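Summary of structural features
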Amino acid sequence: MSAMRSFLKTWYRPEVSPIIAVVGVALTGASWYIVRLARHQEVVWTNANPAPWQKIEQTQSTKILNVNEKLTDSFKREW
């Protein structure tokens, strides 16, 4: 047990615990958010259509809400 006490006395400082906890929570939250964004339904991980913006015509709307704009049809993503 004295080896463990010696190790903790040398390498463990109690005042560092809150910093480690805050950094750990921040890294976990950032990782979760990146995974959430990557798995969103609008993200497509395929090379079948490498340039989807080239298929949009001038009469298509890609916006969710159009204010004072009249277009003939809306853009539909091809799955």
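All residue numbers here refer to positions counted from 1 along the written sequence of the relevant chain. At least 70 in pLDDT is required for a residue's local features to be given in this predicted model, at least 80 for side-chain atom pairs to be given and counted, and no such filter applies to totals for whole chains, interfaces and linings, which use all residues. The basis for the side-chain values is all heavy atoms of the structure; hydrogens and waters are excluded.

1. Description of the overall build of the chain
Under the convention used in this document: In this text, helices come from DSSP runs of H or I with a minimum length of four residues, and strands from runs of E with a minimum of two, each type numbered from the N-terminal end. All accessible-area figures derive from a Shrake-Rupley calculation using a 1.4 Å probe, and residue coverage is judged against the displayed protein chains alone.
Per the secondary structure count, the chain includes 2 helices and 2 strands. Listing every helix and strand of the chain by position from the N terminus yields α-α-β-β. Surface summary for the chain: the accessible area is close to 8000 Å², and the carbon and sulfur share equals 61%.

2. Things to note about a nonpolar patch on the surface
Keep this limit in mind: A residue counts toward a patch only above 30% relative accessible area and without a salt bridge, and it is joined to like-charged neighbours within 9 Å or, for Val, Leu, Ile, Met, Phe, Trp and Tyr, to nonpolar neighbours within 5 Å. Criterion for a salt bridge: a side-chain nitrogen of Lys or Arg within 4 Å of a carboxyl oxygen of Asp or Glu.
A surface patch of nonpolar side chains, amounting to about 600 Å² of accessible area, comprises Met 4, Phe 7, Leu 8, Trp 11 and Tyr 12. Structurally, the position occupied by Phe 7 is in helix H1 (residues 2–11).

3. A word on the confidence of the model for the chain
To keep things clear, this is the line we draw: How sure the predictor is of each residue is captured by pLDDT, a score from 0 to 100.
When pLDDT is averaged along the chain, the result is 78, and 72% of the positions lie at 70 or above. Confidence, expressed as mean pLDDT per element, reaches its minimum in the chain at strand S2 (residues 73–74) with 64 and its maximum at helix H2 (residues 17–38) with 93.

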